[in-house]
Amino acid sequence: MADRLTQLQDAVNSLADQFCNVIGVLQQCAPPASFSNIQTAINKDQPSNPTEEYAQLFSALIARTAKDVDVLIDSLPSEESTAALQAASLRQLEEENHEAASRLEEVVYRGDMLLEKIQSALADIAQSQLRTRSGAPSQQVPES
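Residues numbered from 1 in each chain as written. Predicted model: local features only at pLDDT ≥ 70, side-chain atom pairs only at ≥ 80, totals over all residues. Heavy atoms only, no water.

- Where an unreviewed UniProt entry is consulted, the protein appears under the name Mediator of RNA polymerase II transcription subunit 21, with the organism given as Huso huso.
- Of the comments in the UniProt record for the protein, the one headed Subcellular location (unreviewed entry) reads "Nucleus".
- The UniProt entry for the protein carries the following comment under Subunit (unreviewed entry): "Component of the Mediator complex." (UniProt positions renumbered as here; feature names shortened; annotations may be inferred.)

Here's what the structure looks like:
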C-alpha cells in the first residue's frame, strides 16, 4: 500500500485526467461556430450528443475525486505535530510493543509447558499399550 503522499499525488493526477477528459468531451460535443469568412456546415445526420448526461457524469466524478483529495489532505500530519510529539508517540508505541511482546512470551511459555505435559501423557499411553501387548498373551474366553 502506498503512503498518504503517494495516494494524494495519485488522486490529484486523477483529478487532472478528469479535467482533461471534460475539456475533450466539451470540444467534441460543442456546436460548431462560424468565423468570419469561414463557412461550416452542420451535419444533420449526426445523432445529438447527450451533453447533459456527460455534465452530470463528469461533475459527479470530479466531485468525488475532490472529496477524496480533501480526505487525504486531512489525514496528513498537522503542522502542530512537532518532532517532540512524534517522538513521544513513538515512545508510547514502543512501550505498548514491549508489553505485547512480554505477554506473547508468557503465552508461548505456557504453551510449551502444556505441550510437554501432552507429550509426556502420550508417551505414558504408548508405554502402557506396549506393556499390555507384550506382557500378557491374550486369553480366549470360553464360549458357553
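What to know about the overall build of the protein
Thought 1: Helix and strand counts for the protein stand at three helices and zero strands.
Thought 2: Sequence-ordered secondary structure for the protein, helices as α and strands as β, is α-α-α.
Thought 3: For the protein, the residues scored as buried account for 8% of the 144 residues in total.
Thought 4: In the protein, once contacts between residues fewer than 6 apart in sequence are set aside, the share between residues at least 24 apart is 78%.
Thought 5: For the protein, the computed accessible surface area is about 12,900 Å², with 56% contributed by carbon and sulfur atoms. (Helix = DSSP H or I, 4+ residues; strand = E, 2+ residues; numbered from the N terminus. Buried < 20%, exposed > 50% of the residue type's maximum accessible area, 1.4 Å probe, protein only. Contact = heavy atoms within 4.5 Å. Areas by Shrake-Rupley, 256 points an atom, 1.4 Å probe, with all protein chains shown as cover.)

Concerning the environment of L5
Thought 1: Within the secondary structure, L5 is located in helix 1 (residues 4-29).
Thought 2: Here the alpha-carbon distance between L5 and S75, two residues 70 residues apart in the chain, equals 9.9 Å.

A look at the nonpolar core
Thought 1: In this structure, L15, V22, V25, C29, F58 and I62 together form the largest nonpolar core, which totals six residues.
Thought 2: For this core, the elements supplying multiple residues, two or more each, are helix 1 and helix 2 (51-75).
Thought 3: Ranked by residues supplied to this core, first place goes to helix 1 with four residues.
Thought 4: L15 has contacts with I62, T65 and A66, leaving out every residue within four places of it along the chain. (Core = buried A, V, L, I, M, F, W, Y, C linked by side-chain atoms within 4.5 Å.)

Regarding a nonpolar patch on the surface
Thought 1: On the surface, L114, I118, L122 and I125 cluster together to form a nonpolar patch covering roughly 390 Å² of accessible area.
Thought 2: Mapped onto the fold, I118 is located in helix 3 (residues 83-135).
Thought 3: Here I118 falls in the partly exposed class, since its relative accessible area comes to 44%. (Patch = residues over 30% accessible without salt bridge, like charges linked within 9 Å, V, L, I, M, F, W, Y side chains within 5 Å. Salt bridge = Lys/Arg side-chain N within 4 Å of Asp/Glu carboxyl O.)

Description of helix 1
Thought 1: Between its terminal C-alpha atoms helix 1 stretches 37 Å, which fits the 38 Å expected from 26 residues at 1.5 Å a residue.
Thought 2: Within helix 1 the residues assigned to the buried category are L8, A11, L15, Q18, V22, V25 and C29. (Expected span 1.5 Å × (residues − 1).)

Overview of the side chain of Q18
Thought 1: Along the chain, the position of Q18 falls in helix 1.
Thought 2: Given the relative accessible area of 7%, Q18 is considered buried.
Thought 3: If we ignore the near neighbours within four places in the chain, the residues touching Q18 are F58, L61, I62 and T65.

A look at the packing of helix 1 against helix 2
Each pair of packed helices gets described by two things: the angle between the helix axes and the distance between those axes.
Thought 1: The geometry of helix 1 relative to helix 2 is characterised by a closest axis approach of 9 Å and an angle of 165 degrees between their N-to-C directions. On the basis of their axis angle, the class for helix 1 and helix 2 is roughly antiparallel. Handedness of the crossing formed by helix 1 with helix 2: left-handed.
Thought 2: Of the residues that constitute the contact of helix 1 with helix 2, the class distribution is 16 nonpolar, seven polar and one charged. (Axes fitted to C-alpha atoms, helices over the stretch in contact; angles between N-to-C directions. Parallel < 35°, antiparallel > 145°, perpendicular 65-115°, else oblique. Left-handed = near helix turned anticlockwise from the far one by under 90°. Nonpolar A, V, L, I, M, F, W, Y, C, P; charged D, E, K, R; others polar.)

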